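# Examination of the molecular architecture
Given next are the chains, with one letter for each unit.
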Number of protein chains: 8
Amino acid sequence: MWEEQLKIIIDRIKNGELSQDAALKSIKNALSGHLGFAEIDLARAVRTGFPEVVFCLNKTDEEVLKITEMLYKHNKHVLLTRVRESAAKLLKKSFPDLVYHEKSRAVTIGEPDAETGLVSVVTAGTSDIPIGEEAAVTARMMGARIRTYWDIGIAGIHRLFSKIEPLKESHVIVAVAGMDGALPGVIAGLVECPVIAVPTSIGYGTGAGGYAALMTMLNSCAPGVSVVNIDNGFGAGYTAALINKRGSAH
Amino acid sequence: MWEEQLKIIIDRIKNGELSQDAALKSIKNALSGHLGFAEIDLARAVRTGFPEVVFCLNKTDEEVLKITEMLYKHNKHVLLTRVRESAAKLLKKSFPDLVYHEKSRAVTIGEPDAETGLVSVVTAGTSDIPIGEEAAVTARMMGARIRTYWDIGIAGIHRLFSKIEPLKESHVIVAVAGMDGALPGVIAGLVECPVIAVPTSIGYGTGAGGYAALMTMLNSCAPGVSVVNIDNGFGAGYTAALINKRGSAH
Amino acid sequence: MWEEQLKIIIDRIKNGELSQDAALKSIKNALSGHLGFAEIDLARAVRTGFPEVVFCLNKTDEEVLKITEMLYKHNKHVLLTRVRESAAKLLKKSFPDLVYHEKSRAVTIGEPDAETGLVSVVTAGTSDIPIGEEAAVTARMMGARIRTYWDIGIAGIHRLFSKIEPLKESHVIVAVAGMDGALPGVIAGLVECPVIAVPTSIGYGTGAGGYAALMTMLNSCAPGVSVVNIDNGFGAGYTAALINKRGSAH
Amino acid sequence: MWEEQLKIIIDRIKNGELSQDAALKSIKNALSGHLGFAEIDLARAVRTGFPEVVFCLNKTDEEVLKITEMLYKHNKHVLLTRVRESAAKLLKKSFPDLVYHEKSRAVTIGEPDAETGLVSVVTAGTSDIPIGEEAAVTARMMGARIRTYWDIGIAGIHRLFSKIEPLKESHVIVAVAGMDGALPGVIAGLVECPVIAVPTSIGYGTGAGGYAALMTMLNSCAPGVSVVNIDNGFGAGYTAALINKRGSAH
Amino acid sequence: MWEEQLKIIIDRIKNGELSQDAALKSIKNALSGHLGFAEIDLARAVRTGFPEVVFCLNKTDEEVLKITEMLYKHNKHVLLTRVRESAAKLLKKSFPDLVYHEKSRAVTIGEPDAETGLVSVVTAGTSDIPIGEEAAVTARMMGARIRTYWDIGIAGIHRLFSKIEPLKESHVIVAVAGMDGALPGVIAGLVECPVIAVPTSIGYGTGAGGYAALMTMLNSCAPGVSVVNIDNGFGAGYTAALINKRGSAH
Amino acid sequence: MWEEQLKIIIDRIKNGELSQDAALKSIKNALSGHLGFAEIDLARAVRTGFPEVVFCLNKTDEEVLKITEMLYKHNKHVLLTRVRESAAKLLKKSFPDLVYHEKSRAVTIGEPDAETGLVSVVTAGTSDIPIGEEAAVTARMMGARIRTYWDIGIAGIHRLFSKIEPLKESHVIVAVAGMDGALPGVIAGLVECPVIAVPTSIGYGTGAGGYAALMTMLNSCAPGVSVVNIDNGFGAGYTAALINKRGSAH
Amino acid sequence: MWEEQLKIIIDRIKNGELSQDAALKSIKNALSGHLGFAEIDLARAVRTGFPEVVFCLNKTDEEVLKITEMLYKHNKHVLLTRVRESAAKLLKKSFPDLVYHEKSRAVTIGEPDAETGLVSVVTAGTSDIPIGEEAAVTARMMGARIRTYWDIGIAGIHRLFSKIEPLKESHVIVAVAGMDGALPGVIAGLVECPVIAVPTSIGYGTGAGGYAALMTMLNSCAPGVSVVNIDNGFGAGYTAALINKRGSAH
Amino acid sequence: MWEEQLKIIIDRIKNGELSQDAALKSIKNALSGHLGFAEIDLARAVRTGFPEVVFCLNKTDEEVLKITEMLYKHNKHVLLTRVRESAAKLLKKSFPDLVYHEKSRAVTIGEPDAETGLVSVVTAGTSDIPIGEEAAVTARMMGARIRTYWDIGIAGIHRLFSKIEPLKESHVIVAVAGMDGALPGVIAGLVECPVIAVPTSIGYGTGAGGYAALMTMLNSCAPGVSVVNIDNGFGAGYTAALINKRGSAH
């Protein structure tokens, strides 16, 4: 849109409708008004098939509804994260086809255009599943084919080993773990694709809050691991989908 | 090599040379001896074009030399990081063609087979260049085409904006920053590829050690950012190369 | 009042009513009694037009009421921060004209004498608005003209850019942000007035509590940024009003 | 310069020298090339009388010299902070009139155009003087009239009280303190202008690194205090000069 | 089981039922399938007399029930930790003989085969008893003879001294303490067996969360102390039982 | 009692009732039994006039009652801290004369034998009063004469100055402060007696939990300040009473 | 001196030499000039027998000499802490009778007037002796009788127990400890006088810097412990001398 | 020795040589003099075969020599840790048979009486070997049979797997790791004996100092892991030897 605005201004300059000063001001306004940037943003969503995403943690049910309605006009599908059950119920009235992903409290409206590549999402324990599910739902809505492996942490390392072969087929792996956070590093030592590590706040004592897991992941001996914020399943799924898209686009 | 060992065992079983017990023990030994696993590792290096990498920080010059000699037998090219100047000089005698990358103190022997895709490495300041160079050298040795943009931090945000168009062509961006660490998040809000953020220990006061930059990066408002350890240029370059390979392999 | 006390003592010395010892003791008492300082304080409030401010977080509704009644006798307007809804209702009975600012839970009684200069208050996200509103209400009650810009964080950096021109007219800018806290630094790189940065406790994982945002702000690459405590909208508004007053007084 | 570039483009459009496409590209280039932004920056320095500033901590003596030579072409005066003695000596050959401020290791070339308003810089102890001097030199080079008060911390609170009256004349006060960091808060309770607090890394035990002082300052009971990074005398002086300018410009 | 699988494969090779390629794949599958490892785990539980343990903190009552039912099929006794009262009541219906240990909220089903050796569990205060009880219940279910000494912290050091002689008979001591966490170090200076130290989150101010106690224990001047996570009574009891078993097995 | 036990053993040796071995064992038992130490403790309480103190935070109402009943048999007065209202009501039935100190939630039974010396307890703000009251009640029950000064923090430093003269009469001062925690240091610079500093968890942002105040106090520029745990009014009052006793006993 | 100034002013008022206005100004000046306060400080030193103390860590040898010369004019004895050997040698030329305390690097000039009361200084290990000596030298110069007990930490708790009886005679005990920092708490449980705890930065791993010891001391289960900054032997000795003076003055 | 002292006292009582009072005092002295306790300590060393150990980090070469000479009189073998090379050379003159363990800088004099049981010491990387060697030397001097496995961290997890079978024969395993610290947890999931985890300060960025490794180990998902201080190879070896002794004594 911004280009369109500039083209109009150029035409008006050509037509002598704008003095040098007025033209200067118009071009500046096109930059300042910045509707152009916003439209580019909307265009990007349509073009890439990535949904707009709403982080609902600090929003009222009504605010969530309004934003969703606005987004739905411009997007074929919408992703909402951290949705309270009451908000999900309110949305349900306007969007009867929405899916409420109970563990992660994510809401999806519409389906992704395609599911390509392969993003595997693994969790170390059952308590990490909500974050894992958030990553999986996010990546899928952004067009990734998804496989999930819950509860394959290193306390019973054989659980992991039995999954290594299928894991090796992934374009990218999201590995979610709390407590000692050792799972992503062990996986990265066994596969050849990038691993996105997600520390979770599961745990108690020194493990509470997820800092122990975060530290472990940042210090992974095996290269190929990069890390997102504690409990940030959305961010991991988003990055994984970007990587997956690269590997799948050709 | 491990497969070869197994094939020989299988043949010997077929030929009746091994009793059930002896066969069981031989297979176990093939696993336990673990020369097999090591060879698989070597095979992987040859197959993927990824060099073996030596982290030299806590090794004597002589240890560095010995490991390099061993690796060079099995690999066409070798990457060494955090190499003291004295070690580089010692290596130079045995490997006259090595390149010593002065800022990052990385040493490379041999050239990558190909340079495909595009990994862009940017730094916020001039002090971040050693880490940026480590990332660039690593990713290049792993087969990535590299572009570097030094000193384009947000204090003079126009420096960044003039590079946005070429940055958008990247398969993945490595963004290196100390102090406020805001650069990767700003970039991620402007491009569509994954951004690997590397905090650096540059800074003073609360910025010393790189924790402030790390925290900023983990909390990036813009999605698509994942983070590696402070000053871990190697890890960022390695992960970037993995992602780049995905996007370039087809 | 302290001066008055001293004048009376001086007269009594002159009149021979006080021996050297008694005079010495009287002067010391005038210092110790320190009613003088308190009166100066009250005088200052009247003179500067700054309201007395009550921080209500740990006070009972009754205590809030009593303090407000006492202050209202000496001041034309009163500002109360962090007021529970129940306290606001209790106050309403005695001060029917009070305004309860719902997001920030601030209460104002009376209007500022004038609105001069320009303090702009911006927030990165919608969750930062309560703190932003506290800053805006505080600065306005202290005589500043106010403009507010909510939700213009750097994740969608165009939202900020469209506001840069009006922001440049400010005498001082209060920039409120949680999570990566990058907004104040980006703004400071684009304007010429001082920026007061307020980290907010919005966020999760490593962003919880606002420390990540605080660290980012203290390490801002762009000069001109100074920082107040996490969630301290009042302090930011107060400092902004002091700066604004300097720039507007002539 | 950017405006000049745009004006030329506009004229060329008017003259029919540029097609719509070519015009679009030219305007984009003017933005992308970003010489425009840089020139605006230079223009700002000339217009505001603020020198360009070089932070020399991680730069070689030669790099410092080159940057200084470049800056000196466009600016009447230059400020360099954290300059090693060897670098200062090297600079001295090219800039015989430079002043080396020994405690703060700042270098100034040229004099400010004017000294207006009043920025007072105080330190709690003698160990805080290097940071205080950096703030004072910075603010002066940016056009502020300066008064300094060293070693007036609260351990001997009478030292402070004897300076309160002259301090009250300040447009803004920079208060530098290590250890308990209580000085800025005590001052803010006694004056009516904004106080910029600078924690210093002076101290030992829990005071080492300056975090204790930082925490104290962020939690100051007296409003009107804002804080910069530990040991950031430059940042405090810069912000103080911005505030001072506001109050002095009319 | 894994050995059994390998034996069958060997027989089939011998019998000519598997070609070299097929044999190679079968052996690999036996490794990848990893049912073998899982079965070994179950076997180990039966053989060692160690119960399978369920950490119930983040599981629903129904999940706890299902897991317990599954485990009970393969084990003579089951240990569950951090069991909500509601879950304990639900379990009671299916396992009427279970014991609910009220302070620690542990549930035990069945009795240990034997009680050998001696594990002494001591707590510094009464508030530490829940964690102490968890350690004691765990170690007993794993076959250890148990003695417990509650509330013998060093504030009244005579309470400890009167217990030193019986404590000296222990194979291993679990010492549980919050606040200053000094008890394990004092004990280790007086006995000759290993001491497992458990910090508890009891305390307030700097003692809240148990970090002060953890730090004290890790820095114990007396050797022979090793430490587990804050509040990890289960881990301490488990390790103590392993040590006790070593000393009692002969 | 322990001496009595030893005397009996000595007599029995003298009387030939104990062989060398039996005597050796008896003496050892006297040490191990350690009832002696406990009785000394009780004796000390009676002798010094210090009450036994019960910290009730983690005890049930019934436990509090039982302990109180036991202590009351051996002591003329009892102090209980952090008593829930329900526990206070339960105690009231058995001890109708008890006093429930509402702000600090302390309970006292009986009166101190004497009130000597002078312990002054000051708080910076009104929110610090519960901790201040706990200190005051504790010190008074241990025989100290008490003066309290609430809400004289340094934000309005004149409030403090008007109290300096009476404060100077103290044997020891307990200074309670949250947020910036600067009050004890300012007082210590003005008086000649020891100051016990108590940080409180009052505050928000970086001040939450009381760590900022603790750091300030530990780094006090003025000597004569020692510090107790955050919110530990009891500990401060106890130490103050010990110091006061020293100064008052002659 | 301040009183003298005031007396002169009073006389001049009496004599009619000063108008009301002039008198007011003169009294204010007497306060502002603050030579008065400084002199009071000097008077206090003479009266209390407390030496002026110079903290030399960040001062040049010449600065140390100048300050010492100035102080020596007004004081019978001087205490300097953290004195480099070179500074001690320089001082030796002007003050041939000074004593250089080698372990603590304290310098004393002159002897205390008297040694009364009893301050015992104990250290847990030999590495803590420098801090212990600093405390002992400080308290002695302030008039305390001193006993020292080095290396009686709890790892060999019998070393402590053999010293308990003489320790009980102390008016106050300074207990210095690094690593687990448990010594002060154990002592406080055995004596009836106040204990000043000094954490030391001795230690490694989690003990490095002294934070573990600090935490232990702040959380001491035994009441009667108050704490000073890590390595602050001077502060502990100073506070101990204040307490000792109280108990010895009568 | 203490028993001997007591026996003599008993005999003297029997012989009427000691009055009740004198006897009481003598017994007390035997306790207070505490030569008794020290002798018991020496006796324990002889009896258990555990050498006295000297931690030399903060001791001069001469102090190390004197202590060693004293210990050598009472012990057949001596262990010294963290010995500077200069101290080792000095010792060599008096103890020509000593062994200087170069990596760990430990010194041993004499040989253990026996080597029983099995303590395995493993390190994740080559940089961890100094700490591993310290553990191995310590445990061996205390009578343990030792096996060491250097550089078998999880980055190349096959290196570990090839050692699992021999590791399973251990009575206890000491697992030393820096960076992500994941090795001990992985091992504990595969063996049945206790694992003592030692974090090392190897690493950079967030891994510097060893806190990341410590956190990982404390939060190990696999039970059976207990932890010692960062870099505390001695403590781990000591605890391992205590455990090993239990399992080997019968």
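Since the structure is predicted, the reported quantities are computational estimates derived from the model, not experimental observations. (Residues numbered from 1 in each chain as written. Chains lettered and ligands numbered in written order. Predicted model: local features only at pLDDT ≥ 70, side-chain atom pairs only at ≥ 80, totals over all residues. Heavy atoms only, no water.)

## A short note on the overall build of chain A
Within chain A, the secondary structure is distributed over 11 helices and nine strands. Counting all 250 residues of chain A, 59% fall into the buried class. Taking the intrachain contacts of chain A between residues at least 6 apart in sequence as the baseline, contacts between residues at least 24 apart amount to 69%. Accessible surface, chain A as shown: approximately 9200 Å² in total, 53% of it carbon and sulfur. (Helix = DSSP H or I, 4+ residues; strand = E, 2+ residues; numbered from the N terminus. Buried < 20%, exposed > 50% of the residue type's maximum accessible area, 1.4 Å probe, protein only. Contact = heavy atoms within 4.5 Å. Areas by Shrake-Rupley, 256 points an atom, 1.4 Å probe, with all protein chains shown as cover.)

## Some words on the environment of Val78(C)
Mapped onto the fold, Val78(C) is located in strand S2 (residues 78-81). Along the primary structure Val78(C) and Pro112(C) are separated by 34 residues, whereas in three dimensions their C-alpha atoms are 9.6 Å apart.

## Focus: the side chain of Thr200(A)
All names here are of chain A. Structurally, threonine 200 is set in the loop between strand S8 (195-199) and helix H10 (211-218). Reaching out from threonine 200, the side chain makes a polar contact with the side chain of aspartate 128 at a distance of 2.7 Å. The contacts of threonine 200, once residues within four sequence positions are left out, are Asp128, Ile131, Val176, Ala177, Gly178, Gly210, Ile230 and Asp231. (Polar contact = N/O pair within 3.5 Å; in protein donor to acceptor, adjacent residues only side chain to side chain.)

## A few points about helix H10 (residues 211-218) of chain E
A large share of H10(E) lies buried, amounting to seven of its eight residues. Turning to H10(E), its buried residues number three or more, namely Ala212(E), Ala213(E), Leu214(E), Met215(E), Thr216(E), Met217(E) and Leu218(E).

## As for the pairing of strand S5 (residues 116-123) of chain A
All names here are of chain A. In terms of residue burial, S5 counts as a mostly covered element, since seven of its eight residues are buried. Sheet topology note: the S5/strand S6 (residues 144-149) ladder contains five bridges and is parallel. Along S6, the bridge assignment pairs valine 121 with threonine 148. The parallel pair S5 and S6, bridged by helix H6 (residues 129-141), forms a crossover whose chirality is right-handed. Pairing of S5 with strand S7 (residues 172-177) involves five bridges; the strand directions are parallel. (Pairing = 2+ DSSP bridges. Right-handed = clockwise from strand over helix to strand, strands pointing away.)

## Topic: the interface of chain B and chain A
The interface is formed by 28 residues belonging to chain B together with 28 residues belonging to chain A. Regarding the contact of chain B and chain A, the summed buried area is about 2600 Å², with carbon and sulfur atoms giving 60% of it. When the buried area of chain B at its contact with chain A is split by residue, Glu192(B), Leu218(B) and Arg246(B) rank highest and sum to 26% of it. Remark: the boundary between chain B and chain A carries zero salt bridges. Summed over the shared surface of chain B and chain A, the result is four residue pairs in polar contact (both at pLDDT 80 or more). Residue assignment for the side of chain B that touches chain A shows that the elements contributing at least two residues are helix H3 (35-48), helix H10 (211-218), strand S9 (225-227) and helix H11 (233-248) of chain B. Examining the composition of the side of chain B that touches chain A, we find that seven residues originate from one element, H11(B), more than from any other. Looking at the side of chain B that touches chain A, its residues break down into 14 nonpolar, 10 polar and four charged. (Buried area = accessible area lost by both parts, 1.4 Å probe. Salt bridge = Lys/Arg side-chain N within 4 Å of Asp/Glu carboxyl O. Nonpolar A, V, L, I, M, F, W, Y, C, P; charged D, E, K, R; others polar.)

## Digging into the relation of the copies chain B and chain A
Between chain B and chain A, which share one sequence, the superposing operator has a rotation angle of 179° and an axial displacement of 0.3 Å; the RMSD is 0.5 Å. Interpreted geometrically, this transformation is the action of a two-fold axis. When the interface residues of chain B are mapped onto chain A, 100% of them again lie at the interface, so the same face is used by both copies. (Least-squares fit on C-alpha atoms with pLDDT ≥ 70 in both.)

## Remarks on the pattern of salt bridges
In total, this model carries 60 salt bridges over all chains according to the counting rule given. Where Arg147(G) meets Glu169(G), a salt bridge forms, and the shortest distance between an N and an O atom there is 2.8 Å. Taken together, the residues span a long stretch of sequence, with Arg147(G) in strand S6 (residues 144-149) and Glu169(G) in the loop between helix H8 (164-167) and strand S7 (172-177) at a distance of 22 residues. Using a relative accessible area of 24% as the deciding quantity, one classes Arg147(G) as partly exposed. We note a salt bridge from Arg84(H) to Asp61(H), for which the minimum N-O separation is 3.1 Å. With Arg84(H) in the loop between strand S2 (78-81) and helix H5 (85-94) and Asp61(H) in helix H4 (residues 61-74), this residue pair connects regions lying 23 residues apart in the sequence. For Arg84(H), a relative accessible area of 33% puts it in the partly exposed group. Connected through salt bridges with shared partners, the residues Glu111(A), Glu115(A) and Arg140(A) form a single ionic network.

## Observations regarding the packing of aromatic side chains
The full count for this structure, using the stated rule, is 24 aromatic pairs over all chains. Relative to Phe55(D), the ring of Tyr204(B) lies with its centre 5.8 Å away and its plane at 35°, an arrangement referred to as tilted. Of the two residues, Tyr204(B) is situated in the loop between strand S8 (195-199) and H10 and Phe55(D) in strand S1 (residues 52-55); the pairing between them involves two chains. Judged by its relative accessible area of 16%, Tyr204(B) falls in the buried class. According to the relative accessible area criterion, Phe55(D) is partly exposed, its value standing at 31%. Over the ring of Tyr204(A) we find Arg82(E), and its NZ or CZ is 4.7 Å from the ring centre. (Phe/Tyr/Trp six-rings, centres within 6.5 Å; stacked < 30°, edge-to-face > 60°. Lys NZ or Arg CZ within 6 Å of the ring centre and 35° of its normal.)

## A short note on the environment of Ile230(B)
Within the secondary structure, Ile230(B) is located in the loop between S9 and H11. Discounting chain neighbours no more than four positions away, the residues touching Ile230(B) are Pro199(B), Thr200(B), Ser201(B), Gly209(B), Gly210(B), Tyr211(B), Leu214(B), Tyr204(H), Gly205(H) and Thr206(H).

## Notes on the side chain of Thr138(C)
Tracing the sequence through the fold places Thr138(C) in helix H6 (residues 129-141). The class of Thr138(C) is buried, set by a relative accessible area of 1%.

## Thoughts on helix H6 (residues 129-141) of chain H
All names here are of chain H. The end-to-end C-alpha separation of H6 is 18 Å, in line with the 18 Å expected for 13 residues at 1.5 Å each. The element H6 is extensively covered by neighbouring structure, given that 11 of its 13 residues are classed as buried. Those residues of H6 that sit buried are Ile129, Ile131, Gly132, Glu133, Glu134, Ala135, Ala136, Val137, Thr138, Ala139 and Met141. Positive backbone phi, at 100°, marks glycine 143, one or two positions downstream of H6. (Expected span 1.5 Å × (residues − 1).)

## Some details on the confidence of the model for chain A
All names here are of chain A. Averaged over all residues, the pLDDT of chain A is 84; the fraction at 70 or higher stands at 83%. In the model of chain A, helix H3 (residues 35-48) stands out as the element of lowest mean pLDDT, 36, in contrast to S8, which has the highest, 98. Overall, residues 31-49 carries pLDDT values under 50, and its contacts beyond four positions in sequence, including any with other chains, amount to 36 contacts. For this predicted complex, the interface confidence comes out at an ipTM of 0.82, alongside a pTM of 0.86. (pLDDT = per-residue confidence, 0-100.)

## Focus on unusual backbone geometry
Backbone geometry follows two general trends: most residues other than glycine have a negative phi, and most peptide bonds adopt the trans configuration. At Arg105(D), a position not held by glycine, the phi torsion is positive, near 55°. With respect to the element layout, Arg105(D) can be found in the loop between strand S3 (99-101) and strand S4 (106-109). Here Asp151(G), not a glycine, exhibits a phi torsion of approximately 65°, which is positive. In this fold, Asp151(G) is placed in the loop between S6 and helix H7 (157-161).

## Some remarks on the state of the cysteines
Inspection of every chain in the model, using the stated rule, returns zero disulfides over all chains. Cysteine Cys193(F) is unpaired, with the sulfur of Cys193(G) as its nearest cysteine sulfur at 18 Å. Assessed through its relative accessible area of 4%, Cys193(F) is described here as buried. Residue Cys56(H) stays outside any disulfide, its sulfur separated by 16 Å from that of Cys221(E), the closest cysteine. (Disulfide = S-S within 2.5 Å.)

## Concerning the environment of Asn232(B)
Of note, Asn232(B) is situated in the loop between S9 and H11. Residues Asn232(B) and Ile152(B), 80 residues apart in the sequence, show an inter-C-alpha distance of 19 Å. Setting aside anything within four residues of it in sequence, one finds Asn232(B) in contact with Glu134(B), Val198(B) and Tyr204(H). A polar contact of 2.8 Å, which involves the side chain of Asn232(B), links it to the backbone nitrogen of Gly235(B).

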